[in-house]
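# Structure assessment
What follows is the residue order along each chain.
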Amino acid sequence: MASELHSQHTGNSYPSDQQSLRLRQDSSPVSNQNYPQFNWSSSPAEDEVDNSGPPRDLRSIPLPMSLKRAVWQVQQMQVPVVSKVESWKWKKTKSLHKLKDRTRGFLYFITLWGKTLQKIGGNFGGGVQSYFLFLRFLVVLNFLSFLLLAGFVLIPSIVFRSVGTSLQNSTGPEECMNYNPNPEGLVVFYHYFLDFLSGTGFMEYSYLFYGFYNNTIVEDRSFSYNIPLAYLFTAVFYFAFCLICIIARMGTAARVAVATGGSAVGNYSKIVFIGWDYGCLGDQATKLKQKNLHYRLQVDLEEERLRKQAAALTLGAKILLYSLRVFMFFVALGLIFAAFYGIFEATNFSQSRTGEEGILGLIFEYLPSIVITAGNFVVPMLCDQIALVERYSPSTTVILALLRAVFLRLVSLGVLLFTLWRQITCEGDTNSQDCKQCQYNNKLYPCWETRVGQEMYRLTLFDLLITIAVLILVEFPRRMVVDNSSNMLTQWVGRQEFVVPSNILGLVYGQTVVWTGALFCPLLPFINTIKFVILFYCKKITLFYNCRPALKTFRSTTSTFFFLVVLLFGWGLALVVMIYSLAEIRPSMGCGPFRFFPSMWSIVPTSFYRLSQVTQEFLFFIGSQAFSIPLFTLSCVVMCYFIALASVYGNSVALLRSQIKLEGRDKQFLVKQIEKLKQLEMPKQ
């Protein structure tokens, strides 16, 4: 295998060891006649066939920079004698390279917050920078999702609202179709502000929520558009689009993690020898890059120190440490379940006080959001103190804090949804007194989809308001007190650190809320885009003006992949909510585009049988075994090919890493031999 690798190395247009030695000897001023000869009149195809000679790429040849520059100038002046076809290929390749370079430069120029992210990475390390990169990814994802929803649902609903025909539900009970959220008579001005915060009143009967959309169907000789069908399929494609974006970014993060090798041997050499960016222009960019490399080396040294400490523990110390970790695990679990119980009781109390008006009614409506936010703030803070006792490595501490926080936040959202489900469906018993007539609790929820959308809207808005309030009322005053006071207590407390795990979980929680409420509040991705943009600048301000660099840093390459895995968990929770809402719960009879269907998914078979016979047969064929079995077989073959390819690449990487280890040991042995020889020569002198 080593011989094969050596043959590949020498056959890929790289000079061998003897050639490199000859080139070094020929670079002396005594004789330079044996420098590599560049035959610029030869075609690229001939160069590929004849691999025995030196390569044409100047960057891969060990020559002085002045000689490379002279050869490049000669290359630019000489015109190769080639055919028209080869000349056209050469010009096309050169044009494509120029276009690629210009495209990269343009994309770097228009990249959202590119310079700001570079500044953050230089001053606070890659761990903090990974949070802002993750936030930028969510901003772009939400904006593209809004364009998808607006293009297929919002704009057609506005255009066809007065043109198309709306089907009337004449089969259901009259009591189930009573839904009128518009206030009657004059409304006090401050009520508009309360309605904006709670999503009721004029906000409830707007394009923001599900209940305002009609079951409009536009039919013409050459054009037809079904708003309910478009609403359903757009929601499904929205989830599929988000999944594709997450998986694509996970692939990129995984490649970076594998390429860097995590904590493998040789990471220091990578940082020292190939970590510098030679495209840095100016003193500021250079200093930022130096700081970034400093933080990366600090992370590696910190983890290596903790690894050596763990290896030096005795058996009794290990048993004590593991026992302490198990005990702290149950303590953290008890805190999390206590938060779940508080959310459950707060949601029940809030829904029982639905009829309240004014400020008190607003407080009752926001009570679940307040309890969820308080639990998400207090419990992770206590878990962080528990993590100090557990004594894990920085990267493991980040991942463990993320696991605890994601369990708290996502399951707390699940508790809220479960409580709403109990009240909407009468605890799953549609034959009970409150749900028997309409198959859902029409007295409390005449349009239950809008009520769920309002809860998600309030959670999103309240999260943003809390972030702004904490910035103004807590973080700025803390920084001013610490900077202007010489008290020992304030100096011991110091400026706050930017805690990446809790901030990442805030983003995952906010995005999960949006995914959960997108079916019931189609404009929620747009609201979340604005929220995340504001959040970016708020976090940037608090990072540069109120925070100090973290005393304990962590590796950003592996953590970035884990952030996306956590985000995928949130997507899975929202997907379960959407599937259950589409298939099981009876849609509201007085609002929404599915008011006359027994379930939201029922529109799919109804619309399917309206298609032409040829289209039906084609779709039946796609769903049949004659199509699915060959497709599954082909997918398995392709998957096996890529798995085998990944295995081969993994073995090659492992072999190369083992060779690097052996070379390092050989060099250490040689250094020791040299030291011994020096020690033997010293007495003779």
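About the cut-offs
Residues numbered from 1 in each chain as written. Predicted model: local features only at pLDDT ≥ 70, side-chain atom pairs only at ≥ 80, totals over all residues. Heavy atoms only, no water. UniProt positions renumbered as here; feature names shortened; annotations may be inferred. Helix = DSSP H or I, 4+ residues; strand = E, 2+ residues; numbered from the N terminus. Buried < 20%, exposed > 50% of the residue type's maximum accessible area, 1.4 Å probe, protein only. Contact = heavy atoms within 4.5 Å. Salt bridge = Lys/Arg side-chain N within 4 Å of Asp/Glu carboxyl O. Phe/Tyr/Trp six-rings, centres within 6.5 Å; stacked < 30°, edge-to-face > 60°. Lys NZ or Arg CZ within 6 Å of the ring centre and 35° of its normal. Core = buried A, V, L, I, M, F, W, Y, C linked by side-chain atoms within 4.5 Å. Disulfide = S-S within 2.5 Å. Pairing = 2+ DSSP bridges. Patch = residues over 30% accessible without salt bridge, like charges linked within 9 Å, V, L, I, M, F, W, Y side chains within 5 Å. Areas by Shrake-Rupley, 256 points an atom, 1.4 Å probe, with all protein chains shown as cover. pLDDT = per-residue confidence, 0-100. Axes fitted to C-alpha atoms, helices over the stretch in contact; angles between N-to-C directions. Parallel < 35°, antiparallel > 145°, perpendicular 65-115°, else oblique. Left-handed = near helix turned anticlockwise from the far one by under 90°. Nonpolar A, V, L, I, M, F, W, Y, C, P; charged D, E, K, R; others polar.

Under an unreviewed UniProt entry, the protein has the name Transmembrane channel-like protein and belongs to Parambassis ranga. Heading Sequence similarities (unreviewed entry) of the UniProt record for the protein holds this comment: "Belongs to the TMC family." According to the UniProt record, the Subcellular location (unreviewed entry) comment for the protein reads "Membrane".

## Re the overall build of the protein
Scanning the protein from terminus to terminus reveals 22 helices and five strands. Out of the 685 residues in the protein, the part that is buried amounts to 40%. Once local pairs closer than 6 in sequence are excluded, the contacts in the protein between residues at least 24 apart make up 76%.

## Some thoughts on the pattern of salt bridges
Under the defined criterion, the tally for this structure stands at two salt bridges. The partner of Arg458 in a salt bridge is Glu455, with the nearest N and O atoms 2.9 Å apart. Placement of the pair is Arg458 and Glu455 together in helix H15 (residues 448-484), with a separation of three residues, close to one helical turn. Residues Asp463 and Lys531 are paired through a salt bridge, measuring 2.9 Å at the closest nitrogen-oxygen approach. Residue Asp463 is found in helix H15, and its partner Lys531 is found in helix H18 (residues 524-546); the two are separated by 68 residues along the sequence.

## Considerations on the packing of aromatic side chains
Counted according to the given criterion, the structure contains 29 aromatic pairs. Look at Tyr131 and Phe498: their rings are 5.2 Å apart centre to centre, the planes differ by 65 degrees, and that puts the pair in the edge-to-face class. Of the two residues, Tyr131 sits in helix H6 (residues 114-160) while Phe498 sits in the loop between strand E4 (496-497) and helix H17 (500-517), which places them 367 residues apart along the sequence. Tyr131 sits in the buried class, given a relative accessible area of 1%. With a centroid separation of 5.3 Å and 75 degrees between ring planes, the pair formed by Phe608 and Tyr609 is classed as edge-to-face. Look at Tyr609 and you get exposed, because its relative accessible area is 59%. Clustering of aromatic rings is evident, with ring pairs tying together Tyr205, Tyr207, Tyr210, Phe212, Tyr213, Tyr231 and Phe594. Here the guanidinium or amino end of Lys119 rests over the ring plane of Phe544, the centre of that ring lying 5.2 Å away.

## Notes on the nonpolar core
What tends to happen in soluble globular proteins is that the nonpolar side chains get buried as a cluster. Among the nonpolar cores identified, the biggest contains 114 residues, and Tyr131, Phe132, Phe134, Trp448, Ile504 and Trp515 are the most heavily contacted of them. Looking at this core element by element, the count peaks at 17 residues for H6. Among the nonpolar cores identified, the runner-up in size contains five residues, and Phe160, Val218, Tyr225 and Ala230 belong to it.

## Quick look at the environment of Ala401
Within the secondary structure, Ala401 sits in helix H14 (residues 394-424). For the pair formed by Ala401 and Ile386, sequence separation is 15 residues and the distance between their alpha carbons is 9.8 Å. Once residues lying within four places of it in the same chain are set aside, the contact partners of Ala401 are Asp384 and Pro501.

## Digging into the state of the cysteines
All told, the structure shown has three disulfides when counted by the stated rule. One disulfide bridge connects Cys176 with Cys438, the sulfur atoms lying 1.7 Å from each other. Judged by the sign of its S-S torsion, about -90 degrees, the cystine formed by Cys176 and Cys438 is left-handed. With Cys176 in the loop between strand E1 (165-166) and helix H7 (189-198) and Cys438 in the loop between H14 and H15, this residue pair connects regions lying 262 residues apart in the sequence. Both residues of the pair, Cys176 and Cys438, count as buried.

## Thoughts on the side chain of Ser599
Position of Ser599 among the secondary structure elements: in the loop between helix H19 (556-583) and helix H20 (603-608). Among the residues examined, Ser599 registers a relative accessible area of 11% and is labelled buried. Excluding anything up to four places from it in sequence, Ser599 contacts Leu582, Ala583, Ile585 and Pro587.

## Observations regarding the pairing of strand E2 (residues 216-219)
Here E2 pairs with strand E3 (residues 224-226) via three bridges, running antiparallel. Bridge pairing in E3 places Glu219 opposite Ser224. Hairpin connection from E2 to E3: four residues lie between these consecutive antiparallel strands.

## Remarks on a nonpolar patch on the surface
Side chains of Leu611, Phe618, Leu619, Phe621, Ile622, Phe627 and Leu631 sit close together on the surface and give an oily, nonpolar patch of about 600 Å² of accessible area. Looking at the nonpolar patch, the elements that each hand over two or more residues are helix H21 (613-622) and helix H22 (625-684). It is H21 that contributes the most residues to the nonpolar patch, four residues altogether. Tracing the backbone shows Phe621 in helix H21. Taking relative accessible area as the criterion, Phe621 reaches 42% and is therefore assigned partly exposed.

## What to know about the confidence of the model for the protein
Predicted confidence across the protein gives a mean pLDDT of 77, with 80% of residues reaching 70 or more. Here residues 1-55 is a poorly scored stretch, pLDDT under 50, and it has 53 contacts once near neighbours within four places are set aside; other chains count.

## Here we look at the packing of H15 against H17
Two elements in contact, H15 and H17, have axes separated by 9 Å at closest approach and are oriented at 155 degrees. What the angle tells us is that H15 and H17 run roughly antiparallel. The handedness of the crossing between H15 and H17 comes out as left-handed. Mapping the contact onto sequence places Met456, Leu459, Thr460 and Asp463 in H15 and Gly506, Tyr509, Val513, Val514, Thr516 and Gly517 in H17. Tallied by class, the residues present in the contact of H15 with H17 amount to five nonpolar, four polar and one charged.

## Quick notes on unusual backbone geometry
Unlike most non-glycine residues, Gln439 shows phi in positive territory, near 70 degrees. Within the element layout of this structure, Gln439 appears in the loop between H14 and H15.

## Thoughts on the packing of helix H11 (residues 315-352) against helix H13 (residues 367-390)
Between H11 and H13, the shortest axis-to-axis distance is 9 Å and the interhelical angle comes to 175 degrees. In terms of axis orientation, H11 runs roughly antiparallel to H13.

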